[in-house]
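Descriptive structure summary
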Amino acid sequence: MTPAPLRRAGLAVAAALAALLVPATPAAAHAADAPDGTDYRAEVTAISPAPPGLTARMIEAGARLELTNRTGRDVEVYGYSGEPYLRIGPGGVYENSRSPATYLNRTIAGDILPPEADPAATPVWRRISDGPTARWHDQRTLWLESTPPAQVSADPTRQQRIRDWVVPVRAGDDTIEVRGTLDWVPPPDAYPWWVAATLGFLLIGAAGPVPAGTTAGVRALRAAGALLALGGAATVALTVGRALDAGAEGVGGVLLGLVGGQLWTLLTGLGALAAGGYALARRGAADFALALAGAALLLFAGVANLAVLSRSVAPVAGPAPLARVMVTLALATGAGALAAGLLRLHAAARAARPARAARAQDPRKFREDAASRTGEPAGSVKLSES
């Protein structure tokens, strides 16, 4: 029969393959073209005049403008030609299917305009949400060119104002302006973060060559498991930060954002926490769990968020340096746990090879040796099949 640790390992591999083959859940909060990081910082500075209940902010690292209307009456957002684009009110959010902005604002680059898009045409309203909040890519708040502005090219090491922007809104007969700024923020030096990730990888990976059957080997396994769990906790915090940056509010909103937009990364972090606990408990398949969870953490939490290390504005709520710390932890602990787990698996397989060879050459002597170690009669010792 197949040993229990191998059966558990096979189940873990099957589950991992199944997860990889299942299509990812469509992103509900972060759009497919949301940036992983940027050096352009867009901010809302004022709403003028500001009626009570009307709020605005930038989300997704400044990729989207969010407008929430709790004034109790409809407000309309104007498009690029002064046409009605969005209507937000007690009845929900409506978009004007004749407004070119409806199509241009669906992605950062902008969709191709259909023939019916005409800013001079009578609005045709289509309901898109029943809530009081609308979110869209507004080209007035973004820098859309592939090359930076001339003043930035002349001096990219200095923070600079690109432009002030205004998004006009109408509430009844009143015209309201959502005002903001777009700045260039010099990118950070990614070298120190890579050095930290490399040192962490070497530290954790050093647990691999330590002999598994020794006291030092046990301590090394537990240390690797504890550090992997730390990387898992950092990954969970990173996913929560991304959900908050996508506009999630409250516990329910954060949970919905995690399930809808950050599900795989969240599961990766939770899996690393579980694998770390598995190693701390010295379970039978701890080495395999260490390697598998480390690989997932490295790929889906570390490599997937590499842009955070070299961009000044990260798509995570809170200070950008904190996001870089979390990504560095995911890289270091993921790569280190992968290396340690593989090295320990290789060492275990190499150590078991002479015993298998001896058993194959002289099964009777193998039974006698096993009986002498266990104190049982030689006839009662059974040879397990691999």
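Residues numbered from 1 in each chain as written. Predicted model: local features only at pLDDT ≥ 70, side-chain atom pairs only at ≥ 80, totals over all residues. Heavy atoms only, no water.

On inspection of all chains with the given rule, the structure shows four aromatic pairs. Look at Y85 and W136: their rings are 6.0 Å apart centre to centre, the planes differ by 80 degrees, and that puts the pair in the edge-to-face class. Of this pair, Y85 sits in strand β5 (residues 84–89) while W136 sits in strand β8 (residues 133–136), and the two are 51 residues apart along the sequence. For the residue pair Y85 and W136, the accessibility class agrees, reading buried in each case. R87 extends its terminal NZ or CZ atom over the ring of Y94, reaching a point 4.7 Å from the ring centre. Above the ring of W125, the side-chain terminus of R87 is found at 4.9 Å from the ring centroid. (Phe/Tyr/Trp six-rings, centres within 6.5 Å; stacked < 30°, edge-to-face > 60°. Helix = DSSP H or I, 4+ residues; strand = E, 2+ residues; numbered from the N terminus. Buried < 20%, exposed > 50% of the residue type's maximum accessible area, 1.4 Å probe, protein only. Lys NZ or Arg CZ within 6 Å of the ring centre and 35° of its normal.)

Read across the sheet, three strands follow the order β2-β3-β8 without closing on themselves; strand pairing throughout is antiparallel. Each having just a single partner strand, β2 (54–59) and β8 make up the two edges of the open sheet. Pairwise comparison of adjacent strand axes, ignoring direction, gives a mean angle of 15 degrees for this sheet. Pairing of β2 with strand β3 (residues 64–69), which is carried by six bridges, proceeds in the antiparallel orientation. Across the sheet, M58 pairs through a bridge with L65, a residue of β3. (Pairing = 2+ DSSP bridges. Axes fitted to C-alpha atoms, helices over the stretch in contact; angles between N-to-C directions.)

What follows covers helix α6 (residues 250–261). The first and last C-alpha atoms of α6 sit 16 Å apart over 12 residues, in line with the 16 Å expected at 1.5 Å per residue. Of all the positions in α6, only V254, G257, L258 and G260 are classed as buried. If you follow the buried residues of α6, they end up packed against α5 (215–245) and α7 (263–280). (Expected span 1.5 Å × (residues − 1). Contact = heavy atoms within 4.5 Å.)

So, about the environment of L256. Considering the arrangement of structural elements, one finds L256 in helix α6. Here L256 falls in the exposed class, since its relative accessible area comes to 58%. It is 8.6 Å that separates the C-alpha atoms of L256 and A243, two residues lying 13 residues apart in sequence.

According to the relative accessible area criterion, Y85 is buried, its value standing at 4%. Y85 sits 38 residues away from P123 along the chain, and the two C-alpha atoms are 8.4 Å apart. Every residue in contact with Y85, bar those within four places of it in the chain, is listed here: V77, Y78, G79, Y94, E95, N96, S99, A101, T102, N105, W125 and W136. Within polar-contact distance, the side chain of Y85 engages the side chain of N105 at 3.3 Å. (Polar contact = N/O pair within 3.5 Å; in protein donor to acceptor, adjacent residues only side chain to side chain.)

Time to look at the packing of α5 against α6. Where α5 contacts α6, the axes come no closer than 9 Å and their chain directions differ by 110 degrees. Between α5 and α6, the angle falls in the class roughly perpendicular. Contacts between α5 and α6 involve T239, V240, A243 and L244 on the former and, on the latter, V254, G257 and L258. (Parallel < 35°, antiparallel > 145°, perpendicular 65-115°, else oblique.)

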